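# Coordinate inspection notes
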Amino acid sequence: MILLLQLDPLLNEVAKTYRLESHLAAVRRVLSRRSRMEPGHVFRAHWKNVDDIIEQPEIKFRVHLDQLLGAVSALHIGGFKSLLTKNIFSGDILDLGDVLDHPVIRNYYEDYYPYGSPILARESWKEAVPARYSEQRAFEQNKTEWETHYRSFLHLDAKFTARSKMSDFLDLLDDYEVNGIWLEDLREALTKPKKLSHFLGRRESMQLFEGLDAFLMFSRELDVYLSKLDGYPILKGHVWLHFAYWYGNGGNNMREVIEWLWGAIEDQTNNKGEADRFSKLASSNRSCIGRLSDPLHYPKNLLQLAGSSLADWARSAGLMEGRPELRQLMAPLS
Amino acid sequence: MPHSIAQSLEWGFESVGYFAKGGAKRLLVFVHGFGGEALGTWGGMEASLVEHMNAASSDIAFYGYGSMRAQPTASAGLLRKFLSAAAENNTSWRRAVERAVPGSAPRVYDEILIVAHSLGAPVARRATLDALQAGNPWASAVRLVLFAPAHLGSLLHERRAELGVVSGSIVGTLMALVGLRILSIEALKPGSRFLTLLEQDSRDGIANGWVDQVRARQVIFGENEEIVVVERFCEDPPEEIWPGHNHRSVCKCDEAKNAVIGHLT
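For the structure given in this document, a descriptive report is provided here. (Residues numbered from 1 in each chain as written. Chains lettered and ligands numbered in written order. Predicted model: local features only at pLDDT ≥ 70, side-chain atom pairs only at ≥ 80, totals over all residues. Heavy atoms only, no water.)

### A closer look at the packing of aromatic side chains
All names here are of chain A. Worth spelling out the cut-off: Here a pair means two rings of Phe, Tyr or Trp (six-membered ring of Trp) with centres within 6.5 Å. Their orientation is stacked below 30 degrees between planes, edge-to-face above 60, and tilted elsewhere. Note on geometry: a ring has a charge over it if NZ (lysine) or CZ (arginine) is within 6 Å of the ring centre and within 35 degrees of the ring normal.
Enumeration over the complete set of coordinates arrives at 25 aromatic pairs over all chains. Through a chain of ring-to-ring contacts, the aromatic side chains of Trp146, Tyr150, Phe153, Phe160, Phe218 and Phe243 assemble into a single cluster. Sitting above the plane of the Tyr232 ring, Lys143 keeps its charged end 4.6 Å from the centroid.

Structure follows, in structure tokens:
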């Protein structure tokens, strides 16, 4: 219970809903000096070795870590400023700040699977973020509609984390094999008309398509939500950052998937008139993913104000490639 | 705020719940239609409800299911499973309630109000009828409010390729173009076995005294309805027609929010 004592009622609810304590306890078990598990192995980068297979119970602890990082992000967006109950534990039991600062954990979310939200949260808690970022954040949180918008973010996130057909598709996007299928197989099926029917006729691949559909629908909702936050650039940027693993880091993959999908539809239509009917649908999906995957769109103000804290993440996530203006935006002010 | 923050639910797909902090006498369940999603179909209804005092004693669930490929009877079976879990306050539901509102008293719902759109309407009605036939005690508490219900069939079987455009699903478009069977559309062809049985069982249910449960409380269509057949089903009340709305907008507008809130007094 110690983590929750100092939170306001709303953030207390968030911490309980996101099961912060149980995820933290699970990750602590791996990091503990008494643990039989080697933390660097459990939380390794699976993509470094093409033959690497992550087995249970490693998967279990990695899921706990992913959900802990998501909880940290949600709390940070909600205004969680600092861990006021540090050092309650003695011995080798670690608190949240120590867990986030642990070198093995930092490698996980800074290098292996770049995720900007916990970086920003950690730096905020250490008061190592630019003052202009903190000031703008505090200004927005005092505005009347801020809590309504924050709760709307929580609605979206609850949907994203619920049991969903999206999860298999997202694993595929993340370069995991799903039921014997890789992202390359999806590309093959969508870019070669003769393979498509067979691919769609298989239960496993159809499930991936349903997951893709669910992800596109979620993306449209997120796009609409973010487009309405003009007076809240920090909140807008925070929420974008929360989902940025899929749209920022994974943005290139998603843009490619949309193009494959649209190409497949064009291949299947009999004439230009029919294709035109669907072009509006394809165009709206393209624009939506385009906006969400552009770090210079929704998160621009956040990246400018918090730039120095997130510059390394932006580089690791590949966001700066081909975007000199982003590099410039995030450069520290002299 | 009278409700908890949004909670992911383990039933269906992308289902989200909001639990009343001061206890709940009603379970309010939203069921979407073709290709719709648990929250998106209802255009931000949740934000209106969780702040409204009329909803303060209602637990709210936006239930999601595989509307594109699954047969409606199967979807109804899964919906019934969810309703049973909630209404019977089983272990999983108690756990969900406790996580959202710690220390809360066990839920006993006097009413289960199902608000359904399009395909969701026959799915909800099938689930209700099956629960009544199975003797589930909670079934007597069910009431229905329906937006653009597909009870008498949809026109999509004639316009399969439009499914993607109608539902906003680019994958639905591809499925239709490739010629894949879309079981939910086949089941909603006017005169289908699914719809015929639905009407027959509804009439039987009413004859057996299940009037309040089987007869919808309110039925609403948009003036520009273009996807489902606009006709009176069984002994439902005469439908209301809302000017300026179509199949998708009729359940997203402010009038829809007001209509739902009106049933929560």
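Now, onward.
### Some points on the nonpolar core
What counts here: Buried residues of nine kinds, namely Ala, Val, Leu, Ile, Met, Phe, Trp, Tyr and Cys, make up a nonpolar core once their side-chain atoms join them within 4.5 Å. For every residue, the accessible area obtained with a 1.4 Å probe (protein chains only) is divided by the maximum for its type, and the residue is called buried under 20%, exposed over 50%, and partly exposed between those limits. Here a strand is any run of E in DSSP of at least two residues, a helix any run of H or I of at least four, and the numbering for each starts at the N terminus. Contacts: residue pairs with any heavy atoms within 4.5 Å of one another.
By size, the foremost hydrophobic cluster in this structure holds 210 residues, and its most contacted members are A:Phe43, A:Phe209, A:Trp313 and B:Phe147. The element contributing the most residues to this core is helix α13 (residues 203-227) of chain A, with 11 residues. Once residues lying within four places of it in the same chain are set aside, the contact partners of A:Trp313 are A:Pro114, A:Tyr115, A:Gly116, A:Ile119, A:Trp240, A:Leu241, A:Ala244, A:Asn249, A:Leu303 and A:Leu319.

### Some thoughts on the environment of B:Gln133
Among the secondary structure elements, B:Gln133 is positioned in helix α4 (residues 120-134). Separated by 99 residues in sequence, B:Gln133 and B:Phe34 have C-alpha atoms that sit 26 Å apart.

### Notes on the interface of chain B and chain A
Stated formally: What gets called buried area is simply the loss in accessible area from a 1.4 Å probe that two parts show on being joined, summed for both. When a carboxyl oxygen of Asp or Glu is within 4 Å of a side-chain nitrogen of Lys or Arg, the pair counts as a salt bridge. In protein, a polar contact means a hydrogen-donor-capable atom and an acceptor-capable atom, both N or O and within 3.5 Å, with residues adjacent in sequence counting only if both atoms are side-chain atoms; elsewhere, any N or O pair within 3.5 Å suffices. Lys, Arg, Asp and Glu make up the charged group, whereas Ala, Val, Leu, Ile, Met, Phe, Trp, Tyr, Cys and Pro make up the nonpolar group; the residues left over, Gly among them, are polar.
The partner chain A presents 43 residues to the 44 residues of chain B that form the contact. For the chain B and chain A pair, buried surface summed over both sides reaches about 3800 Å², with 66% attributable to carbon and sulfur atoms. When the buried area of chain B at its contact with chain A is split by residue, B:Ile5, B:Glu14 and B:Ile170 rank highest and sum to 20% of it. At the boundary of chain B and chain A, one finds 1 salt bridge. Here chain B is connected to chain A by 9 residue pairs in polar contact (both at pLDDT 80 or more). Elements with a contribution of two residues or more to the side of chain B that touches chain A: β1 (7-8), β2 (16-18), α3 (91-100), α5 (163-167) and α6 (170-178) of chain B. It is α6(B) that provides the largest number of residues to the side of chain B that touches chain A, a total of 8 residues. Split by residue class, the side of chain B that touches chain A holds 20 nonpolar, 15 polar and 9 charged.

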